[in-house]
Amino acid sequence: MTSTLPMTVPAKDLPPRVRIHEVGARDGLQNEKNVLPVGSKAEFIHRLAGAGLTTIEATSFVRPEWVPQLADAETLFPLLQDLDGVHLPVLVPNSRGLDRALTLGVTRIAVFASATESFAKANLNRTVADSLAMFAPVVARAKEHRAHVRGYLSMCFGDPWEGAVPVHQVVSVAKALMDMGCDELSLGDTIGVATPGHVQTLLTALNEEGVPTETIGVHFHDTYGQALANTLAALQHGVTTVDASAGGLGGCPYAKSATGNLATEDLVWMLEGLGIETGVDLGRLTDTSRWMAEQLGRPSPSRTVRALTGAATTDQEP
């Protein structure tokens, strides 16, 4: 019965195809208490690619003591070289991280900035201005090596210390990232407080300041159950890149109120229902997330994974 579901009912004025930027292997696993074996991480990424995902953020080249869950980046990345046609971006915090990545032949990197001073201090131990100054030579050198550069911008919709973040403040930092040479901008709702009108207002403001929609991706957390609604609002604006995490893994180790990312399966279910192509096999993706949940020793938080595997009924109390 479920093979015919969801029923495809397209809506007007939505893009015909969406590129999913899968972040489960990096943003998802970095927040886990336990460190998975490198072989399990490599298998996870291979399974994600086998499900049809073509952009999979592989790891992070930060100092091991900062994110011990991803300290094996130099060992992991060579295990992924057989994945033809799959983009494997990695996160780099500074020039040293870029050096480590380029040595391994990385062709896609991401830098990560904050729209607020409080999170810049917590995440990078720098002011917003100082963090941008740190990233500028990183981006310049990456472009010299013809690498694709993504700029992550955290706390775009709210901050746990500062509360509401003015739209003009977000636009200012976003523009700085794009002006220094980033090819792509990912707007992060790090603590999951965005609502659809806020999303569209920010996207419009970015367009008015010269940031084209085609360079923007969105990265929503589902703290208040708004991630899919916010994604739909972004799609209605013309956004075609959406970040998601297989099985809903993830959060942020530097913002304790940040819960899991938008689950890739929940996103694919909605997009399939809207008739929007992703190239992702939902069955294989669900199997992958169920497998990863077994590795982590806990159920997947993804509603779609739970529904398709029967966990939604077996885990409920009477």
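Here we summarise the structure given alongside this text.

Procedures and definitions
- Residues numbered from 1 in each chain as written.
- Predicted model: local features only at pLDDT ≥ 70, side-chain atom pairs only at ≥ 80, totals over all residues.
- Heavy atoms only, no water.
- Phe/Tyr/Trp six-rings, centres within 6.5 Å; stacked < 30°, edge-to-face > 60°.
- Helix = DSSP H or I, 4+ residues; strand = E, 2+ residues; numbered from the N terminus.
- Buried < 20%, exposed > 50% of the residue type's maximum accessible area, 1.4 Å probe, protein only.
- Polar contact = N/O pair within 3.5 Å; in protein donor to acceptor, adjacent residues only side chain to side chain.
- Contact = heavy atoms within 4.5 Å.
- Salt bridge = Lys/Arg side-chain N within 4 Å of Asp/Glu carboxyl O.
- Pairing = 2+ DSSP bridges.
- Right-handed = clockwise from strand over helix to strand, strands pointing away.

1. Notes on the packing of aromatic side chains
No. 1: Across all of its chains, the model carries three aromatic pairs by this definition.
No. 2: Plain terms: the ring middles of Phe157 and Phe220 are 6.1 Å apart, the flat faces sit at 45 degrees to each other, and that makes the pair tilted. Pair noted here: Phe157 is in the loop between β6 (148–154) and α7 (167–179) and Phe220 is in strand β8 (residues 216–220), with a separation of 63 residues, a long-range link. For the residue pair Phe157 and Phe220, the accessibility class agrees, reading buried in each case.

2. Comments concerning unusual backbone geometry
No. 1: Here the amide bond leading from Leu5 into Pro6 is cis, since omega sits at 0 degrees, within 30 degrees of zero.
No. 2: Mapped onto the elements, Pro6 comes out in the segment before β1 (19–22).
No. 3: Notably, Asp13 is not glycine yet its phi reads approximately 60 degrees, a positive angle.
No. 4: The topology assignment puts Asp13 in the segment before β1.

3. So, the side chain of Ser131
No. 1: Within the secondary structure, Ser131 is located in helix α6 (residues 128–144).
No. 2: In terms of polar contacts, Ser131 uses its side chain to reach the backbone carbonyl oxygen of Val128, at 2.7 Å.
No. 3: For Ser131, the contacting residues outside a window of four places in its chain are Leu124 and Arg126.

4. Remarks on the pattern of salt bridges
No. 1: Per the counting criterion, the structure on display carries 16 salt bridges.
No. 2: Across the salt bridge formed by Arg19 and Glu184, the nearest N and O atoms sit 2.7 Å from each other. Residue Arg19 is located in strand β1, and its partner Glu184 is located in strand β7 (residues 184–189); the two are separated by 165 residues in the primary sequence.
No. 3: Looking at Arg19, the relative accessible area reads 25%, which means it is partly exposed.
No. 4: For Asp243, the salt bridge is made with Arg150, and the minimal N-O distance between the two is 2.8 Å. Linking Asp243 in strand β9 (residues 241–244) with Arg150 in strand β6, this pair joins segments that are 93 residues apart in sequence.
No. 5: On the basis of relative accessible area, Asp243 is assigned to the buried category, the value being 2%.
No. 6: Arg150 sits in the buried class, given a relative accessible area of 2%.

5. Quick notes on the pairing of β7
No. 1: By the criterion of burial, β7 is predominantly enclosed, with six of the six residues buried.
No. 2: Sheet topology places β6 next to β7; four bridges connect them, and they run parallel. Counterpart to Tyr152 in the pairing with β7 is Ser186.
No. 3: Taking the sense of rotation as the criterion, the β-α-β connection linking β6, α7 and β7 turns out right-handed.
No. 4: Pairing of β7 with β8 involves five bridges; the strand directions are parallel. From the neighbouring strand, Leu185 faces β8, where its bridge partner is Ile216.
No. 5: The handedness of the β7 to β8 crossover, carried by helix α8 (residues 196–208), is right-handed.

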